[in-house]
Amino acid sequence: MEEPEIIAGCRKHNPFAQRYLFDRYYRPSYHVAMRYLANHHDTEDVLSISFTRIFKNIHQFDNRGEGSL
């Protein structure tokens, strides 16, 4: 699934698209957050809040091509 499809599905509140987005970006996001926080539990908390905000505000996202998400 490509980014435009993922974004369109998330905008329609499609749980499969949301899960795909989460699965695709969780690991890289985890590693970046862990570098800053150096604590597993804090990193999990930050990612939980981040993905919640992403899904809540996906309608405001302006897709500027591959990799913009």
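Relevant structure appears above.
Residues numbered from 1 in each chain as written. Predicted model: local features only at pLDDT ≥ 70, side-chain atom pairs only at ≥ 80, totals over all residues. Heavy atoms only, no water.

Asks: Explain the nonpolar core residue by residue, including any values.
Replies: Counting 11 residues, the largest nonpolar core consists of Ile-6, Ile-7, Cys-10, Ala-17, Leu-21, Tyr-25, Tyr-30, Leu-47, Phe-51, Phe-55 and Ile-58. Broken down by secondary-structure element, the contributors of at least two residues to this core are α1 (3-11), α2 (15-37) and α3 (40-57). Of all the elements, α2 adds the most residues to this core, at four residues. Those residues within four positions of Leu-21 in sequence are excluded, and the remaining contacts are Ile-6, Cys-10, Phe-51, Ile-54, Phe-55 and Leu-69. (Core = buried A, V, L, I, M, F, W, Y, C linked by side-chain atoms within 4.5 Å. Buried < 20%, exposed > 50% of the residue type's maximum accessible area, 1.4 Å probe, protein only. Helix = DSSP H or I, 4+ residues; strand = E, 2+ residues; numbered from the N terminus. Contact = heavy atoms within 4.5 Å.)

Asks: Now, about α3: what can you tell me, with residues and values included?
Replies: End to end, α3 covers 26 Å across 18 residues, agreeing with the expected 26 Å (1.5 Å per residue, within 8%). Along α3, the residues classified as buried are Thr-43, Leu-47, Phe-51 and Phe-55. For α3, the arc enclosing every buried residue in end-on projection is 95 degrees, short of the 170-degree limit, so these residues lie on one face. For α3, the exposed residues lying more than 90 degrees away from the buried face are His-41, Arg-53 and Lys-56. Each element contacted by the buried residues of α3 is listed here: α1 and α2. (Expected span 1.5 Å × (residues − 1). Arc of directions from axis to C-beta.)

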